[in-house]
Amino acid sequence: MTSPAGPPPTGGDSDGQRLKLLAVTACPTGIAHTYMAAEKLAQAAASRGIDMKVETQGSIGAENVLDDNDVSTADGIIVAADKDVDLSRFVGKRVLTVGVAEGIHHPERLIERVRSAPVHRAGTARDVSASGGGKKRSVGYKALMNGVSYMIPFVVVGGLLIAISLSLGGHTDPSGGLVIPKDSFWMDINNIGVIGFTLMVPILSGYIAYAIGDRPALVPGMIGGWIANTGSLYDSKAGAGFIGAIVTGFLAGYLVLWIKKVKVPKFAQPIMPIIVIPIVATTALGLFFIYVIGKPISWVFEHLTDWLSGMTGTSAILLGTILGLMIAFDMGGPVNKTAFLFGAGLIATGNQTVMGMCAAAIPVMPLGQGLATLIRKRLYTEQERETGLASLFMGCFGISEGAIPFAAARPAQVIPANMLGGAVAGAIAGVAGVEDAVPHGGPIVAVLGAVSGVPMFFVAVLIGAAVTALTTVTLVDISERRRTSAAPVAGPDAAGPLEPELVGVGAGATAGGAAAAVVAQRVVASSSTAAAEAAPARTPAATDPAARTERAPHAEPAARVGHGAAAAADGGTEAGGTPSAEAEGEADTKATAESDADADADARPEREVLSGYLTEQTVKVALDARDKEAAIREMAALLARTGKVADLDELVATALRREEQGTTGLGEEIAIPHAKTDAVTAPVVGFARSAEGVEWGSLDGTKAGLVFMIAVPEAAAGDEHLRILALLSRKLMDPEFRARLVAAPDERAVLEVLSEIR
């Protein structure tokens, strides 16, 4: 680590030396935008005679890494990133932190701003500034998703181990539900699973806090989550569960941020993040939860129990509905535990119908959420779909906590859906008089013979799970559509596109699609004057949109006719416009030469483009689609021409799921949809142009006129598609290259331009 004693230079070059800047670019997925920002910054620096080295933190790994020598001689560092970048190595240097989109759209501005950027000091939070970043998600959402992503493995491992131990080593016991013999192998497996479940709540809380307040917030967040989940600490028979963990996570994170703002003597600064802040925040949060938040939770638990006791003689439908709502609300929290213990307590009195209602509602949440991931795969990330399969398995064994990752990630959509499905299941079980003789729920108790009225029990569970699944996908879909439609349209100074977060949905709307060459007019107009001048001159037929629409597939013959006309003009004409014999002879000779040249061109092997993955078969100069989904389908069909697509529908579905994580519209009228799937047998790349552009959800407001599609099989997915994306992203930042690409008259000419990508 380099820490110069004196203040760094202000960025001037009055001493005759060239200004030297460093940059780091990164985005959440580390694919296209990382390299686009790096290329733009490097170009802007070179145009100003400034030395710049750019480190890219992409999915392939960190490349062109900045070492201590680079840092020690740098006049300033630009960090254009939408994920955390460790700034500790830049202590004592001027550091400007912005979103990755700023590096793409305003590199010149960043170079000017870094000269007067503040000096980075030790102990400063490493969070990346969102100024100008164009982020679509709030800090709170990203913190919540950070906690959920770390919690999921604990839920899956703990839940599956408990389910396996119950199914293989358990038996029904009226006094204890599903019982595993003590000192048995399966009890050991069960205990390991219980540990995983016990840790999941503190993990959720701790990593929510960590995403907000960095490492000093991790300990108070985890201890706060443990306290929230341990009801005995605040005189409650049940802990606050995952909802309490979310509360303690946010409280810990923001409490640490507040403590960091307190001015302390210089000698105390080194011990603040490792001793003072964790101790103060943990103590304050723990006492606050026990004495302030915990007491109301205990009060709610007691009064809910009394209230339910007074309802035992009411309508079975009403009681079943209420119990189902409570079971599904917080999945292991105080409301859930109140309903569960109420039903379990009545078993000893001979009333087993109340536990029957609870038993039918218990598996609805994990089964419903797992089913939702199968019904609408495109709404879920790959990690969520895998969690959905585990959730289905846990639901079969009555482990309602399997749905917690979904509820924590999307509480406003998932919790109401869970409650609706739980209420339906509880009501059906109540009406049918289903009884459960053990304090446990889920299909496992019916299979083991603890339930009477088994057919109606399964009917209640299946209908409740279906209601939950359908309600969930409907609410999530509505939510994502609203978020997409509310996304700001970028103005001239707007930030631009971003890579996706853990969960998200890209935008899609309708747009026109006609002649390919019209795109050239839009792209060249937005490019530099030099780029516009570099574009080939057009004939009237080429500049007329209608003519281009009709004649684009025949651009090569049209060019030949024009060439022949030019030759005739050069050769001269006789009076009255009749060609002379000499001119006719020259024209015939040239035409013959052109025919031979064309034959030679046809005989030559195709130029290798992008390692041979993109060929004339996979190029289309006029995309017909008018919206994103249709464009992806058309591009997939284009790739299928190669014979490398084994399952066209699955390729389309995978590409659409990728779009749901975040738009692949990069801005600058470019989109690069991509898919990792075994629906293709080998890597393949396609390219198409859209005349009017396709709405792709790019934050810079431009429609996609240049569309590349990349598909690679899972086995070859490692770095290959990332390498292709990086190459494309860098080259497409060159406005002259884009201008020539949109002006290319046919597939062969397009390949000629694309062959420049190295």
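Residues numbered from 1 in each chain as written. Predicted model: local features only at pLDDT ≥ 70, side-chain atom pairs only at ≥ 80, totals over all residues. Heavy atoms only, no water.

A. Region of the structure containing the overall build of the protein. A count of helical and extended segments in the protein gives 29 helices and 15 strands. In the protein, buried positions account for 52% of the 758 residues. Taking the intrachain contacts of the protein between residues at least 6 apart in sequence as the baseline, contacts between residues at least 24 apart amount to 74%. About 31,100 Å² of surface is accessible on the protein, with carbon and sulfur atoms providing 59% of the total. (Helix = DSSP H or I, 4+ residues; strand = E, 2+ residues; numbered from the N terminus. Buried < 20%, exposed > 50% of the residue type's maximum accessible area, 1.4 Å probe, protein only. Contact = heavy atoms within 4.5 Å. Areas by Shrake-Rupley, 256 points an atom, 1.4 Å probe, with all protein chains shown as cover.)

B. Region of interest: the nonpolar core. Counting residues in each nonpolar core, the largest one holds 80 residues, and the members touching the most others are L204, F242, L323 and F457. In terms of residues, this core owes the most to one element, helix α5 (residues 139-169), which gives twelve residues. Apart from residues lying up to four places away in sequence, L204 is in contact with G147, V148, M151, F242, A245 and I246. Residues L666, F687, L725 and V750 belong to the second largest nonpolar core, which totals 34 residues. (Core = buried A, V, L, I, M, F, W, Y, C linked by side-chain atoms within 4.5 Å.)

C. Just the pattern of salt bridges, in detail. One pass over the structure, following the stated rule, counts 14 salt bridges. Two residues, D70 and K53, come together in a salt bridge whose shortest N-O distance is 2.7 Å. In this pair, D70 sits in helix α2 (residues 68-72) while K53 sits in strand β2 (residues 51-58), placing the two residues 17 residues apart along the sequence. Judged by relative accessible area, which is 11%, D70 ranks as buried. (Salt bridge = Lys/Arg side-chain N within 4 Å of Asp/Glu carboxyl O.)

D. Structural view of a nonpolar patch on the surface. A contiguous nonpolar patch, built from V247, L251, L287, F288, Y291 and V292 and spanning about 530 Å² of accessible area, is present on the exposed surface. For the nonpolar patch, the secondary-structure elements that each account for two or more residues are α8 (241-260) and α9 (272-309). By the secondary structure assignment, V247 is in helix α8. Under the relative-accessibility criterion, V247 is labelled partly exposed at 35%. (Patch = residues over 30% accessible without salt bridge, like charges linked within 9 Å, V, L, I, M, F, W, Y side chains within 5 Å.)

E. Structural view of the packing of aromatic side chains. If you walk through the whole model with that rule in mind, you get eight aromatic pairs. Their ring planes at 15° and their centres at 3.8 Å tell us that Y150 and Y207 sit as a pair that is stacked. In this pair, Y150 is assigned in helix α5 and Y207 in helix α6 (residues 185-213), connecting sequence segments 57 residues apart. Taken together, a centroid distance of 6.3 Å and an interplanar angle of 80° make the contact between Y380 and F406 edge-to-face. With a gap of 26 residues between them, Y380 in the loop between α13 (364-375) and α14 (382-396) and F406 in helix α15 (residues 404-409) connect regions that are remote in the sequence. (Phe/Tyr/Trp six-rings, centres within 6.5 Å; stacked < 30°, edge-to-face > 60°.)

F. Here's a closer look at unusual backbone geometry. The residue D183 is not glycine, and still its phi comes out positive at about 60°. Looking at the secondary structure, you find D183 in the loop between β7 (177-179) and α6. When its relative accessible area of 84% is taken as the criterion, D183 is described as exposed. Non-glycine residue D214 carries a positive phi angle of around 70°. Within the secondary structure, D214 is located in the loop between α6 and α7 (218-229).

G. Quick peek at the environment of P334. Inspection of the secondary structure puts P334 in helix α11 (residues 334-347). A relative accessible area of 12% places P334 in the buried class. Considering only alpha carbons, one finds P334 and A240, 94 residues apart in sequence, at a separation of 5.7 Å.

H. Structural view of the confidence of the model for the protein. Scored by pLDDT, the protein comes out at a mean of 75, with 74% of its residues at no less than 70. Note on residues 1-15: pLDDT is under 50 here. Beyond four places in sequence and across chains, it has 26 contacts. Low pLDDT, under 50, characterises residues 487-606; the predicted model gives this stretch 194 contacts beyond four residues in sequence or across chains. (pLDDT = per-residue confidence, 0-100.)

I. Representation of the side chain of S165 in the model. Mapped onto the fold, S165 is located in helix α5. A distance of 3.0 Å separates the side chain of S165 from the side chain of N190, its partner in a polar contact. Not counting chain neighbours up to four residues away, the residues in contact with S165 comprise G170, I180, W186, I189 and N190. (Polar contact = N/O pair within 3.5 Å; in protein donor to acceptor, adjacent residues only side chain to side chain.)

J. Here's a closer look at the packing of α11 against helix α12 (residues 353-361). Here α11 crosses α12 at 145°, and the two axes come no closer than 7 Å. For the pair α11 and α12, the sense of crossing is left-handed. Residue-level inspection shows A339, F340, F342, G343, A344, L346 and I347 of α11 in contact with α12, the latter providing V354, M355 and C358. Of the residues in the contact of α11 with α12, the class split is nine nonpolar, one polar and no charged. (Axes fitted to C-alpha atoms, helices over the stretch in contact; angles between N-to-C directions. Left-handed = near helix turned anticlockwise from the far one by under 90°. Nonpolar A, V, L, I, M, F, W, Y, C, P; charged D, E, K, R; others polar.)

K. Highlighting α7. Compared with the 16 Å implied by 1.5 Å per residue over twelve residues, the 17 Å span of α7 between its first and last C-alpha is a close match. Every buried residue belonging to α7 is among P220, G221, G224, G225, I227 and A228, and all of these are buried. Buried residues of α7, viewed axially, fall in a sector of 160°; they line one side. (Expected span 1.5 Å × (residues − 1). Arc of directions from axis to C-beta.)

L. Structural detail: the pairing of strand β14 (residues 684-694). Buried residues dominate β14, accounting for ten of its eleven residues. Where strand β10 (residues 619-620) lies against β14, two bridges are found, and the strand directions are parallel. The partner of K620 across the bridge, within β14, is A688. Two elements, β14 and strand β15 (residues 704-712), share seven bridges in a ladder whose sense is antiparallel. Across the sheet, residue A688 finds its bridge partner in β15, namely V707. (Pairing = 2+ DSSP bridges.)

M. Region of the structure containing a negative patch on the surface. Residues E382, E386, D678 and E714 make up a contiguous surface patch of negative charge. Within the secondary structure layout, D678 lies in the loop between β13 (674-676) and β14. Given the relative accessible area of 53%, D678 is considered exposed. (Lys, Arg positive; Asp, Glu negative; His and termini not counted. Charge placed at Lys NZ, Arg CZ, Asp CG, Glu CD.)

N. Structural context of the environment of L732. Summarising the element assignment, L732 is placed in the loop between α27 (720-731) and α28 (735-743). With a relative accessible area of 1%, L732 lands in the buried category. On a C-alpha basis, the gap between L732 and E668 in space is 8.7 Å, while along the polypeptide they are 64 residues apart. Once you skip the residues sitting within four places of it in the chain, L732 turns out to touch I670, I672, F708, F737, R738 and L741.

O. Summary view of the packing of helix α10 (residues 316-330) against α12. Contact geometry of α10 with α12 gives a least axis separation of 9 Å together with a crossing angle of 45°. When the interaxial angle is binned, α10 and α12 end up oblique. For the element pair α10 and α12, the recorded crossing hand is right-handed. The residues of α12 that touch α10, namely those facing A316, L319, G320, L323, G324 and I327, are V354, M357, C358 and A361. Looking at side-chain class alone, the contact of α10 with α12 contains eight nonpolar, two polar and no charged residues. (Parallel < 35°, antiparallel > 145°, perpendicular 65-115°, else oblique.)

P. Seen up close, the environment of K620. Within the secondary structure, K620 sits in strand β10. C-alpha separation for the pair K620 and D746, spaced 126 residues apart in sequence, amounts to 8.3 Å. Looking at K620, its side chain comes within polar contact range of the side chain of E634, at 2.6 Å.

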